[in-house]
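As a plain string of letters, each chain reads:
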Amino acid sequence: MLANKTIVLGITGSIAVYKAADLASRLTQAGARVEVVMTEAATRFVTPLTFRSLTGRRPIDMFDLDSEPGIGHIALAKMADIVVIAPATANIIAKLAAGISDDTLTCTVLATRAPVIIAPAMHTFMFQNPITQDNLAKLRARGFIIVEPACGRLASGGIGQGRLAEIEKIIGTIKQVMGKSDDLAGKCVVVTAGGTQEPIDPVRYIGNRSSGKMGYALAKAARDRGATVTLVTAPTSLPEPAGIEVTHIRTATEMKEAVAKAVSRADVLIMAAAVADYQSKSVAKAKIKKESPSLTLELVRTPDILTEVKGNFLKVGFAAESEDIVANARRKLDKKNLDLIVANDITDPESGFGTDTNKVTIISKDGKTESLPLLSKREVADRILDRVVGLLKR
Ligand code: C5P
């Protein structure tokens with residue numbers, strides 16, 4: 001989605017400048033045309049040559065006669081699909097809030113009609129100062145998108161909020177903003193992910209091997225296509241995706257409650273989670289001791305979320321199958337009254353739980369059956385969403 005898009009990357013004088021090199025590289029690799037604009041202070045931390053090498057384009061400075069000819073702040077402002085300032089110092093934030101335009105970056109931002117993302121990076125005290133907070137509030141009110149800085153160790157010592165947000169989060173926000181005009185714009189999509197954990201005692205639980213990767217890929221793909229996404233996730237080791245409302249749950253019952261709440265305004269529910277089918281009838285209050293030679297657990301069924309959830313939205317389910325894949329999936333589609341079911345062959349070592357790839361067959365209520373080759377989970381997510389978009393148009 002970033003291919004052939006023009007991203008103006010504004011870089012200001014914070015020690016986090018070195019991270020902007022990674023951002024510029026990742027955006028360029030994604031196919032974007034990255035036009036870098038550095039403030040004078042930024043060039044003291046990292047030279048423009050770094051960015052020229054990474055983007056294949058000379059950073060723009062309207063006062064530098066050696067800069068790219070014909071590209072000044074107005075041309076930049078017009079050609080930008082998006083402007084991203086990362087890292088953004090307290091100084092640039094103050095200047096933009098005050099409407100000051102005294103260099104290429106501030107002039108470009110003032111002249112552009114494109115969305116502007118600001119990723120602040122500074123010491124906690126500077127970030128928390130009411131002056132900075134007021135300036136950020138002013139910018140927010142004017143439609144600027146702020147990627148909140150992270151908490152952690154600061155270059156100047158100490159620990160606090162002020163570190164530049166993770167590059168992954170900045171890219172996620174860029175994709176979310178740019179996806180606004182895409183084919184899921186205005187739609188609300190609820191996705192579930194991961195494997196639920198059903199407690200036995202305070203230490204143990206019944207779990208499964210789901211990594212959550214398929215659900216997270218679906219949530220991010222829907223976000224990138226313009227949807228407002230809610231992700232209801234069981235515990236995973238995956239980073240929280242940017243631009244998505246995330247609800248963390250542990251058990252099937254908690255997932256059921258979170259889904260019921262989230263679907264109130266949903267157009268689509270995609271249940272990619274591996275929900276436990278059984279839970280322990282009773283949960284021991286204390287850790288169960290290994291005293292007896294055997295232990296019998298009584299299990300009872302968990303609620304079937306897909307079957308029980310009601311509302312006027314498309315329902316998409318998953319079926320992890322090891323035999324008679326299509327026939328079994330079709331049966332589930334009918335039984336759970338789904339619009340689409342995605343069957344995956346869990347006997348294939350490159351498909352299913354924990355892998356980055358998946359081999360699925362997508363079946364719709366009207367019987368249309370589409371078997372896809374082995375693809376990345378992100379590609380599978382987009383193919384599923386293509387079908388969802390088709391159904392939403394009906
Ligand atoms: O019946 P089965 O577990 O194979 O169905 C899989 C589909 O149903 C998945 O989409 C899964 O998220 C959903 N499911 C559910 N509630 C359960 C079990 C599965 O919604 N208790």
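Residues numbered from 1 in each chain as written. Predicted model: local features only at pLDDT ≥ 70, side-chain atom pairs only at ≥ 80, totals over all residues. Heavy atoms only, no water.

Asker: Which residues make up unusual backbone geometry, and what values go with them?
Answerer: Omega for the peptide link from Ala-86 to Pro-87 comes to -5 degrees, which places this bond in the cis form. Locating Pro-87 in the fold gives a position in strand S3 (residues 82–88). Not every positive phi belongs to a glycine, and Asp-324 is a case in point at roughly 40 degrees. Tracing the backbone shows Asp-324 in the loop between strand S16 (314–321) and helix H13 (325–335). On the basis of relative accessibility, which here comes to 57%, the residue Asp-324 falls in the exposed class. (Helix = DSSP H or I, 4+ residues; strand = E, 2+ residues; numbered from the N terminus. Buried < 20%, exposed > 50% of the residue type's maximum accessible area, 1.4 Å probe, protein only.)

Asker: How would you sum up the sheet that holds S16? Please name residues and give values.
Answerer: Overall, mixed pairing links the 8 strands, which are arranged S12-S11-S8-S13-S16-S17-S19-S20 in an open sheet. Whereas interior strands pair on both sides, the edge strands pair on one side only; in this sheet they are strand S12 (245–248) and strand S20 (369–371). Neighbour to neighbour, the strand axes of the sheet diverge by 15 degrees on average, direction disregarded. As judged from the 3 bridges shared by strand S19 (residues 360–364) and S20, these two strands associate in the antiparallel manner. What sits directly across from Ile-362, in S20, is Glu-370. (Pairing = 2+ DSSP bridges. Axes fitted to C-alpha atoms, helices over the stretch in contact; angles between N-to-C directions.)

Asker: I'd love a proper account of the pattern of salt bridges, names of residues and values included.
Answerer: For the coordinates displayed, the defined rule picks out 24 salt bridges. With a shortest N-O distance of 2.9 Å, Glu-35 and Arg-57 are connected by a salt bridge. Taken as a pair, Glu-35 in strand S2 (residues 33–38) and Arg-57 in the loop between helix H3 (48–55) and helix H4 (73–79) lie far apart in primary sequence, 22 residues in all. Given a relative accessible area of 23%, Arg-57 falls into the partly exposed group. Here Lys-365 makes a salt bridge to Asp-339, at a shortest N to O gap of 3.8 Å. Of this pair, Lys-365 sits in the loop between S19 and S20 while Asp-339 sits in the loop between H13 and strand S17 (340–345), placing them 26 residues apart in sequence. By sharing partners, the salt bridges in this structure join Asp-183, Arg-223, Asp-224, Arg-225, Arg-378, Asp-382 and Asp-386 into a single network. (Salt bridge = Lys/Arg side-chain N within 4 Å of Asp/Glu carboxyl O.)

Asker: An account of helix H1 (residues 17–29) is requested, with residue identities and associated values reported.
Answerer: At 3.6 residues per turn, the α-helix brings residues three or four places apart onto the same side. For H1, built from 13 residues, the straight-helix expectation of 18 Å at 1.5 Å per residue is met to within 8% by its first-to-last C-alpha distance of 19 Å. Looking only at H1, the buried set comprises Val-17, Lys-19, Ala-20, Ala-21, Leu-23, Ala-24, Ser-25 and Leu-27. (Expected span 1.5 Å × (residues − 1).)

Asker: Now, about the sheet that holds S3: what can you tell me, with residues and values included?
Answerer: If you trace the 5 strands from one edge of the open sheet to the other, you get S2-S1-S3-S4-S5, paired in parallel fashion. The sheet is open, and its two borders are formed by S2 and strand S5 (145–146), each paired with just one other strand. Bridging between strand S1 (residues 6–11) and S3 involves 4 bridges; their strand directions are parallel. Paired with Leu-9 across the strands is Val-84, a residue of S3. Lying on the sheet, H3 is in contact with S1 and S2; it crosses S2 at an angle near 175 degrees. Along the sheet face, helix H5 (residues 90–98) touches S3 and strand S4 (116–120) and points at about 135 degrees away from the line of S3. (Contact = heavy atoms within 4.5 Å.)

Asker: Any chance you could break down the site of the ligand for me, citing the residues and the numbers?
Answerer: In the neighbourhood of the ligand, 14 residues make up the surrounding shell, with Met-271, Ala-273, Pro-303, Phe-318 and Lys-332 lying closest. For the ligand, an oxygen atom lies 2.7 Å from a polar atom in the backbone of Ala-273. Lys-332 is positioned with one of its side-chain polar atoms (N or O) 2.4 Å from an oxygen atom of the ligand. Secondary structure elements with two or more residues in the shell around the ligand: helix H12 (305–308) and S16. In the shell around the ligand, the residues fall into 8 nonpolar, 2 polar and 4 charged. (Near = heavy atom within 4 Å. Polar contact = N/O pair within 3.5 Å; in protein donor to acceptor, adjacent residues only side chain to side chain. Nonpolar A, V, L, I, M, F, W, Y, C, P; charged D, E, K, R; others polar.)

Asker: Which residues make up the environment of Ala-98, and what values do they have?
Answerer: Mapped onto the secondary structure, Ala-98 falls in helix H5. Considered as a pair, Ala-98 and Asn-135 are 37 residues apart in the sequence and their alpha carbons are 8.2 Å apart.

Asker: Outline the packing of H5 against helix H6 (residues 104–111), listing residues and values.
Answerer: Running from amino to carboxyl end, H5 crosses H6 at an angle of 40 degrees, the nearest separation of the two axes being 11 Å. By the angle between their directions, the pair H5 and H6 is classed as oblique. Remark: the crossing between H5 and H6 carries right-handed chirality. In this structure, H5 uses Ile-92, Lys-95 and Leu-96 to contact H6, whose residues at the interface are Leu-105, Thr-106 and Val-109. Classifying every residue of the contact of H5 with H6 by side-chain character gives 4 nonpolar, 1 polar and 1 charged. (Parallel < 35°, antiparallel > 145°, perpendicular 65-115°, else oblique. Left-handed = near helix turned anticlockwise from the far one by under 90°.)

Worth remembering: the numbers are spatial, not functional.
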